[in-house]
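Residues per chain are reported as follows:
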Amino acid sequence: MKRFAALLERLALTPARLGKIKLLKDYFRDTPDPDRGIGLAAITRDLDLKTVQPAMLRELAVERVDAELFRLSYDYVGDLAETLALIWGAAGPAVDVGLAEVVDQLNGAGRGGAPAVMRGLLDGLDTSERYALVKLATGGLRVGVSARLAKQALAGFGGVDVTEIEELWHGLEPPYTEVFGWLEGRTAKPAQAALAPFRPVMLATPLDQDNLAAMDPGEFLAEWKWDGIRVQATAEGGVRRLYSRTGDDISGAFPDVIAHMGFEGSLDGELLVRGADGQAAPFSELQQRLNRKTVSKAMMEKRPAFIRAYDLLHEEDQNLRPLPFADRRARLERFIAGLNGDRFDLSPLVEVPSWEALAAARTDPPHPVIEGLMLKRRDSIYVPGRPKGPWFKWKRDPFLIDAVLMYAQRGHGKRSSFYSDYTFGVWQGANLVPVGKAYFGFTDEELKQIDKFVRDHTVERFGPVRSVRAEADFGLVLEVAFEGLNWSSRHKSGVAMRFPRIHRLRWDKPPGEADVLTSLEAMLPPK
Amino acid sequence: MTPETLLHPRREGLYCPPGDFYIDPVRPVARALITHGHADHARAGHGAVMATQRTLDIMALRYGPDFAGATQVAGAAAINGVNVSFHPAGHVLGSAQIRVEHKGLSIVVTGDYKRGVDATAEAYEPVGGDVFITEATFGLPVFRHPAPQAEIAKLLRSLEQFPERAHLVGVYALGKAQRVIRLIRDAGHDQPMYIHGALKTLCDYYQEQGINLGPLASATIDRSDKAQFAGRIVLAPPSAFAAKWAQRFPDPLICFASGWMQVRARARQRGVELPLVISDHCDWGELTETITELAPGEVWVTHGREEALVHWCDLQGITARPLNLVGYEDEAE
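Residues numbered from 1 in each chain as written. Chains lettered and ligands numbered in written order. Predicted model: local features only at pLDDT ≥ 70, side-chain atom pairs only at ≥ 80, totals over all residues. Heavy atoms only, no water.

Let us now look at the overall build of chain B. If you tally the helices and strands in chain B, you get 8 helices and 19 strands. For chain B, whose C-alpha radius of gyration is 20 Å, the value lies close to the compact-globule estimate of 20 Å for 333 residues. Projecting the C-alpha coordinates of chain B onto the three principal axes gives extents of approximately 65 × 45 × 30 Å. Here chain B holds 333 residues, and the buried ones make up 60% of them. Restricting the contact set of chain B to residue pairs at least 6 apart, pairs at least 24 apart contribute 61%. (Helix = DSSP H or I, 4+ residues; strand = E, 2+ residues; numbered from the N terminus. Rg over C-alpha atoms; globule rule 2.2 N^0.38 Å. Buried < 20%, exposed > 50% of the residue type's maximum accessible area, 1.4 Å probe, protein only. Contact = heavy atoms within 4.5 Å.)

This is the structure in structure tokens:
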């Protein structure tokens, strides 16, 4: 547990990717089985762990500490897990307990036994271990390490390519003893035991328009870029799996798609849901079905999911990835023809007579759920990762509005003493009405400037939120960029922004000249 | 007489009317008693200053020999009929608590103090009184300073893991710097260590006073060879990290030795990659244990998180109130 706690502590504060990889590699080297594998699974979120509720932790805390002192402390620290870890204090003799043992204890505790198990563990651990324990138990490690980065560290540890790890991953279970054995050269590479494994995806790089002139339109195929999520649908030997682009298995949330995967092969495409008109619905509709383990029948009827396919990686037992994209595309078209059209369709190609014509098509897409174009070289083979050159994404320009800063809230983590989350509004007559919230898009220097503005011009305080001066002739105008706008019954203004971020600070602009609500309403899709 | 007539806050600082002197005044006054050499407690320009010999030395090093009209080395003394005495506070070299006694009423002003072992400061001496004026810099139960040796071990481990990176350790120039250097030496690290120019005078002074810090090289140097700092420990005031000065080091790994580093958000805010929780103040346990041990009639709580410590005193049935003194800074901020 000590090594895992020390690792989390360092990872959370190490900004550089290479630094994180180094820390992980050292952890794998210095930690024995099964603890290192359990630690890895905790980071990749493959660990099966019964989590505890924050309310239970609060109850534990006030058993030990006066409620007012706990409140003052929590107020100061701002993080429940950290407050608990720091305030607990040593109550028993220090215990050297392994991570695997801790996980066993947490999983072994019945519903009623969890507080006693937590109490026992907290008593025997040091501050840093207690923090790791509470983060682990509440299911929120948040150390800034993606599953992919952890797998890269694992690959680096064993001196193999990360795709070897990714391809194996879905047949593996924590604590991955056989993988460590292989990576340390002690045992043979584990066979891919699972059918329908994840195949690492190929990603596009953003297009730099200045480079278009040097590119030959005849060498590329273009498709619309659909605003859903990238998925891989694989069915082999009766096993059907739907993976996210990072290899998370999301089959459980999409049984309506799984039910129609009566094929042998592996499709790459965009997961979307249909609206009432039978067409692809905006991302906000799809979002209702994401991040769930299961899904209700009503939800599936209201928002049926389907895959708009754009690549074919495997067909029967044949690996198509070494083939040129144009060939895979031809195979894909034949493949799709045999599937249920309600659940699988083909992402159509867009003609590329010239870059000018394509640029024009980009500004006027035929469907609202299109967020730009994809350009793929006809001869590109399918390779994992984000190679520069074969595939480009050419997103539509974002929408921009000028809004006025109305409220600011203190952030979390490294921003917990900065006012970094902003609610902004536009004019409706003589009043401002909030239309969105954003907490990124600005530099650290700009953050400091806004923070100062907020502190200097606070009108009222509501806990961590402050309202700031926002008048026609005094206030801060924020140029806000966003990807789309939708109707919303949850917001007073009736609109909800997709992916809003601060684009520019308009210190120069009087708030009275910011946008009005009716100009936003004009951007809305028909109701 | 009531305690308030013996000592009470004024704009200039804590004032003793019968003795006509201030303790750690933040503005120039005619007569000042100084607990220790940190800049927010020890300021230049007073008429007369009484402090320990070492605090006087440190003030002279920082402000020049004419930092006050007159100086007097602390000892048991009577000032206008008020008895004063100085007692080691364990905070930094030369630091003292000041006990003020008049007509049978005594008040102890801790200044800043700590009880943890520190080879670079005189050990704290428990001194009681009718009123105990305690600091509360780390006056919340979340502050429990770990053993400093364990923190130094983290630093040395990081040096092994990242031998290509210069480890820049942020330290306050008086006290923290010397304590951290000494802890590193005591941990067996025998490689060259480098210090920022702002630390040199005080490090030299500590060495003159018999506190062995080992050889220290200047980090000012030789731009031709960035590599000389790879895998080395470089100590500097934290403010130097944002300056161009820091650009001379290869891929610097920012460390910061401070009690505040206990709270992760504080470390993140400052861009600290390796927090070292080493403090020259009492933690919560030491603050509360000291009050319990001394059992004063009344506790006045100042600079820091007064609210929690006053609340704790209430829970124990000890009379306590916050004493609002302005002008003191948080540790190393």
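A separate point is the overall build of chain A. Secondary structure assignment for chain A yields 19 helices and 20 strands. Its C-alpha atoms give chain A a radius of gyration of 26 Å, near enough to 24 Å, the size a compact globule of 527 residues would have. The burial tally for chain A puts 52% of its 527 residues in the buried class. The contacts in chain A between residues at least 6 apart in sequence include a share of 69% that link residues at least 24 apart. Within the structure as shown, chain A displays about 23800 Å² of accessible surface, and the carbon and sulfur contribution to it stands at 51%. Averaging the locations of the 70 positively and 73 negatively charged side chains of chain A gives two centres separated by 2 Å. (Areas by Shrake-Rupley, 256 points an atom, 1.4 Å probe, with all protein chains shown as cover. Lys, Arg positive; Asp, Glu negative; His and termini not counted. Charge placed at Lys NZ, Arg CZ, Asp CG, Glu CD.)

The subject of this paragraph is the packing of helix H8 (residues 114–124) of chain A against helix H9 (residues 127–137) of chain A. Residue and element names in this part refer to chain A. Axis separation between H8 and H9 bottoms out at 9 Å; the angle between their running directions is 155°. Put simply, H8 runs roughly antiparallel to H9. Of the residues in H9, those in contact with Met118, Leu121 and Leu122 of H8 are Arg130, Leu133, Val134 and Ala137. Its residues placed into classes, the contact of H8 with H9 shows 6 nonpolar, no polar and 1 charged. (Axes fitted to C-alpha atoms, helices over the stretch in contact; angles between N-to-C directions. Parallel < 35°, antiparallel > 145°, perpendicular 65-115°, else oblique. Nonpolar A, V, L, I, M, F, W, Y, C, P; charged D, E, K, R; others polar.)

Moving on to the domain arrangement of chain B. All names here are of chain B. Each assigned domain of chain B is listed with its residue range as follows: domain 1 (3–142 + 281–322) and domain 2 (148–276). If you average the C-alpha positions of domain 1 and of domain 2, the two centres end up 30 Å apart. The interface is formed by 19 residues belonging to domain 1 together with 16 residues belonging to domain 2. Surface buried jointly by domain 1 and domain 2 totals about 1600 Å² across both partners, of which 67% is contributed by carbon and sulfur atoms. If you look at where domain 1 meets domain 2, you find 1 salt bridge. The tally of links between domain 1 and domain 2 comes to 5 residue pairs in polar contact (both at pLDDT 80 or more). (Domains from an automatic or database assignment. Buried area = accessible area lost by both parts, 1.4 Å probe. Salt bridge = Lys/Arg side-chain N within 4 Å of Asp/Glu carboxyl O. Polar contact = N/O pair within 3.5 Å; in protein donor to acceptor, adjacent residues only side chain to side chain.)

Here we take up a nonpolar patch on the surface. All names here are of chain A. A cluster of nonpolar side chains, Tyr439, Phe440 and Phe499, forms an exposed patch at the surface whose accessible area comes to about 310 Å². Here Phe440 lies in the loop between strand E14 (431–438) and helix H18 (444–456). Owing to a relative accessible area of 32%, Phe440 belongs among the partly exposed residues under this scheme. (Patch = residues over 30% accessible without salt bridge, like charges linked within 9 Å, V, L, I, M, F, W, Y side chains within 5 Å.)

Residues and elements named next belong to chain A. It is the contact of helix H4 (residues 54–64) with helix H5 (residues 67–77), at a shortest axis distance of 8 Å, that shows an interaxial angle of 125°. When the axis of H4 is compared with that of H5, the two are oblique. Here H4 and H5 pass one another in a crossing that is right-handed. Between H4 and H5, the contacting residues are Arg58, Ala61 and Val62 on the first element and Ala67, Phe70 and Tyr74 on the second. (Left-handed = near helix turned anticlockwise from the far one by under 90°.)

Next up on the list: the domain arrangement of chain A. According to the domain assignment, chain A consists of domain 1 (2–137), domain 2 (205–395) and domain 3 (399–521). The distance between the C-alpha centroids of domain 1 of chain A and domain 2 of chain A comes to 40 Å.

We now examine the interface of chain A and chain B. Each side of the interface is counted separately: chain A has 29 residues, and chain B has 31 residues. Buried area between chain A and chain B, both sides added, is near 2800 Å², and the carbon and sulfur share of it is 59%. Broken down residue by residue, the surface that chain A buries against chain B is led by Arg10(A), Leu13(A) and Tyr76(A), which jointly contribute 27%. Linking chain A with chain B are 4 salt bridges. As a salt-bridge pair, Arg157(B) and Asp30(A) come within 3.2 Å of each other at their nearest N and O atoms.

What follows covers unusual backbone geometry. Residue and element names in this part refer to chain A. Following Asp33, the chain continues to Pro34 via a peptide bond in cis, the omega torsion being 0°. By the secondary structure assignment, Pro34 is in the loop between helix H2 (17–30) and helix H3 (35–44). Omega for the bond connecting Pro174 with Pro175 falls within 30 degrees of zero, at 5°, which places this linkage in the cis form. Structurally, Pro175 can be placed in the loop between helix H11 (162–169) and helix H12 (177–183). For Tyr176, which is not a glycine, the phi torsion comes out positive at approximately 60°. With respect to the helices and strands, the residue Tyr176 is situated in the loop between H11 and H12. A relative accessible area of 1% places Tyr176 in the buried class.

What follows concerns the side chain of Lys20(A). Tracing the backbone through its elements, the reader meets Lys20(A) in helix H2. Excluding its chain neighbours within four sequence positions, the residues that come into contact with Lys20(A) are Leu11(A), Thr14(A), Pro15(A), Val143(A), Gly144(A), Val145(A) and Leu149(A).

Our next topic: the nonpolar core. Membership of the largest hydrophobic core comes to 152 residues, with the highest contact counts inside it found for Leu235(B) and Trp245(B). Among residues more than four places away in sequence, those in contact with Leu235(B) are Val169(B), Val171(B), Ala177(B), Val180(B), Ile181(B), Met193(B), Tyr194(B), Ile195(B), His196(B) and Leu199(B). If you look at the next biggest cluster of nonpolar residues, it comprises 30 residues, including Ala408(A), Tyr419(A), Tyr422(A) and Phe424(A). (Core = buried A, V, L, I, M, F, W, Y, C linked by side-chain atoms within 4.5 Å.)

In terms of burial, helix H6 (residues 80–87) of chain A is a largely internal element, 8 of the 8 residues being buried. Leu80(A), Ala81(A), Glu82(A), Thr83(A), Leu84(A), Ala85(A), Leu86(A) and Ile87(A) are the residues of H6(A) that are buried. Here the buried face of H6(A) lies against H4, H5, H8 and H9 of chain A together with helix H6 (264–269) of chain B. Capping the start of H6(A) is the job of one residue whose side-chain oxygen sits 3.0 Å from the backbone nitrogen of Ala81(A): Asp79(A). The positive-phi residue at the C-terminal boundary of H6(A) is Gly89(A), with phi of around 75°.

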